[in-house]
There are 2 protein chains.
Amino acid sequence: MILTFLGTSASVPTKERAHTGLALRYNGEYFLFDCGENVQRQMMSTNVSPMKINNIFISHLHGDHILGLGGLLQSMALSNRKKPLKIFGPPKITETVENILKIGYHSISYDIEVVELELKPNKILSVNNSGNGYEIYCYPTNHSVPSLAYIFKELKAPKMDMAKVKNLGIEIGSKLKDLKDGKSVEIETFENGKSVKKTIIPQDVLVKNTEGVSFAYSGDTRPVYAFAMFLKDLNCKVLVHEATFDSSLLENALETMHSTFGEALKISEISEVKQLIITHISARYRSLEAYESEINDYLEKSTLHGKTLKLEIAKDFLEYDLKKLKVIKPKIKDKE
Amino acid sequence: MILTFLGTSASVPTKERAHTGLALRYNGEYFLFDCGENVQRQMMSTNVSPMKINNIFISHLHGDHILGLGGLLQSMALSNRKKPLKIFGPPKITETVENILKIGYHSISYDIEVVELELKPNKILSVNNSGNGYEIYCYPTNHSVPSLAYIFKELKAPKMDMAKVKNLGIEIGSKLKDLKDGKSVEIETFENGKSVKKTIIPQDVLVKNTEGVSFAYSGDTRPVYAFAMFLKDLNCKVLVHEATFDSSLLENALETMHSTFGEALKISEISEVKQLIITHISARYRSLEAYESEINDYLEKSTLHGKTLKLEIAKDFLEYDLKKLKVIKPKIKDKE
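The name an unreviewed UniProt entry assigns to chain A is Ribonuclease Z, from the organism Methanococcus voltae. Checking UniProt for chain A, the heading Subunit (unreviewed entry) contains the comment "Homodimer." On record in UniProt, under Catalytic activity (unreviewed entry), the comment for chain A is "Endonucleolytic cleavage of RNA, removing extra 3' nucleotides from tRNA precursor, generating 3' termini of tRNAs. A 3'-hydroxy group is left at the tRNA terminus and a 5'-phosphoryl group is left at the trailer molecule."

Given below as structure tokens:
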């Protein structure tokens, strides 16, 4: 359950930052969030495999978030992909994918299903095997064109408490399976030599499993407070939020419908995530001093208030472990 | 007059090789030949400036040669380009550029003129200031889809031989200008005290200037012998020819309508160019051993026959000086 940053630039790329792309590894498959130009080649410097991507989520239809789709889709065909691919996106995503596929001579060897999402909060994908799996949500954001954020939430089924099972005298077999599947069962036990019938409900023997991983990706947007509340309700742990500008450039952020670092921080605080990773960094920042000084300011204050939000500035090829809640690549000194 | 290799991979890029792009710097402007994905960002590692590109030449409409156009055109608009841009390409280039411009929300701040070329040899661009300037030609090649090669040829006007001018007694002024412009003039000289009228033709006072630079770019193609003859007639000096495969993989070359190194070499010999640079190298070559051993074989034989063809395997960011006929970046040991 690793997030890999494939591109972290704003609309103009730099030598160090490619156009936007973010991959999530989950159970041997990859989910791709946005696909800016050259995302397919950026993957070659990471473990992300294009052939293991089954779902692509597009935040909005600006070139820096979609112009890598054509190359990626054609390369999958060159590798003779047969597995179908799903592409989710805001209104006009269908037309956009159609236009992308019209470019140049090529043929696609697999089915592409385009899912055109409405601009409202929605559960858009859900895999649930007896309580284990994941859910993916979209949430409308506030950019200069129709835009969506996406939230991934792992599901973990409660575990059977085997000590309780033994104490209650439930035998391993079909009744235990029924309980696992959420059904109540009747069992017969002997107390003081007498047969006693009891109804056992799943809650009697199940304990809540550890919380699954979760993360949200904002796409390009002005800060949306309702989005932060939505993340809080989902108990979302990690937020990848755009911060195209440092806080001194609020005017630019307002004009171009982006967020400042301070605004991304505010959204993180309201949503009560444990980790904020800022991305979509404007090409004007040759060094990240402006952000780093804001981070330091924040950390000083947050220590005062006993807050524990972790902060990170994304860079290309950064890998983040959603389970351990820490950056694993490149290895860096812990900032805490 | 520098050639900069922006991408040198075949259809599948590698960590080291991006999709095709080749820029020519000439008199402060750039000519771009093909525009694979991420060419705009590859430029950032070179001196090539997108805003100084006025003409783009597309060899054929396969993704690895065109999918960088969308990003480049949109980035030019983001930089508020006003200068018009010309895009030349084979049949269907107009429709292709239209489809590319349909992708996503954006607006183009400058005029784009698309020139759809016929599949026949043609002079497609010519700038001639009193004999100085350049000409660009296209030549139909032989790939799996309609395809063109391009040839750039610098024009250099003959120079005035000032010693001859003085000997003939021509005064600096309008008559000299007429001669420069290719017109004959009448002058009056005095021989033995008598006035003598003479007609001076331009050839009497002009000497051929040093030959201008020239180069050809093959695009993707099977070897085309008539193209080699065309280059010979133009006295072309440098040939950038695809060699997707080494000579042992002729079958693959035949199947995919590409060239082997041996075939690119043959075209170079017929065309009598001084330098062959091979590009569009298949992703299968992790090391270039197969090519290098072919180069060594060739060089041994060519020494026997007194030939002087120089050979180079292109890599991303390689810069070649068309005037000095040598690689200038990265600095490498001379192989001769």
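Alright, that's what it looks like, and here's the rest.
Visitor: Any details on the UniProt feature "binding site: Zn(2+) 1" (unreviewed entry) in chain A? Residues and values, ideally.
Guide: Residues and elements named next belong to chain A. In the UniProt entry, the feature "binding site: Zn(2+) 1" (unreviewed entry) is given for His-60, His-62, His-143 and Asp-220. In summary, the annotated positions, though distributed over 161 residues, converge in three dimensions, the widest C-alpha pair being only 10.4 Å. Along the chain, the position of His-60 falls in the loop between strand S4 (53-57) and helix H2 (63-66). Classification of His-60 by relative accessible area gives buried; the value is 0%. Relative to the helices and strands, Asp-220 resides in the loop between strand S14 (214-217) and helix H8 (225-233). Beyond its immediate sequence surroundings of up to four residues, Asp-220 is in contact with Ser-59, His-60, Asp-64, His-65, Thr-141, His-143, Ser-147, Glu-242, His-258 and His-280. A polar contact is formed between the side chain of Asp-220 and the side chain of His-60, at a distance of 3.3 Å.

Visitor: Which residues make up the pattern of salt bridges, and what values do they have?
Guide: Residue and element names in this part refer to chain A. Inspection of every chain in the model, using the stated rule, returns 12 salt bridges over all chains. For Glu-135, the salt bridge is made with Lys-123, and the minimal N-O distance between the two is 2.8 Å. Of this pair, Glu-135 sits in strand S8 (residues 132-140) while Lys-123 sits in strand S7 (residues 122-129), placing them 12 residues apart in sequence. Judged by relative accessible area, Glu-135 falls into the buried class, the value being 11%. Looking at Lys-123, the relative accessible area reads 44%, which means it is partly exposed. Salt-bridge contacts for Arg-222 lead to Glu-263; the nearest nitrogen and oxygen are separated by 2.8 Å. Placement of the pair is Arg-222 in the loop between S14 and H8 and Glu-263 in helix H10 (residues 261-271), with a sequence separation of 41 residues. A single burial state applies to Arg-222 and to Glu-263, both of which are buried.

Visitor: An account of the nonpolar core is requested, with residue identities and associated values reported.
Guide: Among the nonpolar cores identified, the biggest contains 52 residues, and Leu-32, Ile-56 and Ile-58 of chain A together with Leu-32, Ile-56, Ile-58 and Ile-87 of chain B are the most heavily contacted of them. Leu-32 of chain A has contacts with Leu-6, Leu-22, Ala-23, Val-39, Met-43, Ile-53, Asn-55, Ile-56, Phe-57 and Leu-72 of chain A, leaving out every residue within four places of it along the chain. If you look at the next biggest cluster of nonpolar residues, it comprises 33 residues, including Ala-228, Leu-231, Ile-278 and Tyr-298 of chain A.

Visitor: Describe the sheet that holds strand S17 (residues 310-313) of chain A, with residues and values.
Guide: All names here are of chain A. In spatial order, the strands read S7-S8-S9-S14-S15-S16-S17; together these 7 strands make up an open sheet with mixed pairing. At either margin of the open sheet sits one strand with a lone partner, and together these are S7 and S17. Between one strand axis and the next, the sheet turns through 15° on average, direction left out of account. Where H10 meets the sheet, its contacts fall on strand S15 (238-242), strand S16 (275-279) and S17, and the angle it forms with S16 comes to roughly 150°.

Visitor: Help me get a handle on the interface of chain A and chain B, residues and values and all.
Guide: The partner chain B presents 39 residues to the 39 residues of chain A that form the contact. Buried area between chain A and chain B, both sides added, is near 3100 Å², and the carbon and sulfur share of it is 59%. Among the residues chain A hides against chain B, the three largest losses belong to Arg-41, Ile-103 and Tyr-105 of chain A. Together they make up 25% of the total. There are 0 salt bridges connecting chain A and chain B. Counting across the chain A and chain B interface gives 12 residue pairs in polar contact (both at pLDDT 80 or more). Residues belonging to the side of chain A that touches chain B are distributed by class as follows: 15 nonpolar, 16 polar and 8 charged.

Visitor: If you had to explain the packing of aromatic side chains to someone new, which residues and values would you point to?
Guide: Residue and element names in this part refer to chain A. Enumeration according to the criterion identifies 34 aromatic pairs over all chains in this entry. Look at Tyr-134 and Phe-152: their rings are 5.4 Å apart centre to centre, the planes differ by 25°, and that puts the pair in the stacked class. Taken together, the residues Tyr-134 in strand S8 and Phe-152 in strand S9 (residues 148-155) connect sequence positions 18 residues apart. Under the relative-accessibility criterion, Tyr-134 is labelled buried at 5%. Geometrically, the ring pair formed by Tyr-137 and Phe-230 is edge-to-face, given 5.9 Å between the ring centres and 80° between the ring planes. Note that Tyr-137 is positioned in strand S8 and Phe-230 in helix H8, a separation of 93 residues in sequence. In this pair, the class of Tyr-137 matches that of Phe-230, namely buried. Each residue in the set Tyr-26, Phe-31, Phe-33, Phe-57, Phe-88, Tyr-134, Tyr-150, Phe-152, Phe-215 and Tyr-217 is aromatic and connected to the rest through ring pairs, giving one cluster. Sitting above the plane of the Tyr-110 ring, Arg-81 keeps its charged end 5.5 Å from the centroid.

Visitor: Any chance you could break down H8 of chain A for me, citing the residues and the numbers?
Guide: Residue and element names in this part refer to chain A. Regarding H8, the residues found buried are Phe-227, Ala-228, Phe-230 and Leu-231. Projected down its long axis, H8 shows its buried positions confined to an angular sector of 160°, all on one face. On its buried face, H8 is in contact with S8, S9, S14, S15 and H10. The first or second residue beyond H8 is Asn-235, which carries a positive phi of 60°.

Rules behind the numbers
- Residues numbered from 1 in each chain as written.
- Chains lettered and ligands numbered in written order.
- Predicted model: local features only at pLDDT ≥ 70, side-chain atom pairs only at ≥ 80, totals over all residues.
- Heavy atoms only, no water.
- UniProt positions renumbered as here; feature names shortened; annotations may be inferred.
- Helix = DSSP H or I, 4+ residues; strand = E, 2+ residues; numbered from the N terminus.
- Buried < 20%, exposed > 50% of the residue type's maximum accessible area, 1.4 Å probe, protein only.
- Contact = heavy atoms within 4.5 Å.
- Polar contact = N/O pair within 3.5 Å; in protein donor to acceptor, adjacent residues only side chain to side chain.
- Salt bridge = Lys/Arg side-chain N within 4 Å of Asp/Glu carboxyl O.
- Core = buried A, V, L, I, M, F, W, Y, C linked by side-chain atoms within 4.5 Å.
- Pairing = 2+ DSSP bridges.
- Axes fitted to C-alpha atoms, helices over the stretch in contact; angles between N-to-C directions.
- Buried area = accessible area lost by both parts, 1.4 Å probe.
- Nonpolar A, V, L, I, M, F, W, Y, C, P; charged D, E, K, R; others polar.
- Phe/Tyr/Trp six-rings, centres within 6.5 Å; stacked < 30°, edge-to-face > 60°.
- Lys NZ or Arg CZ within 6 Å of the ring centre and 35° of its normal.
- Arc of directions from axis to C-beta.

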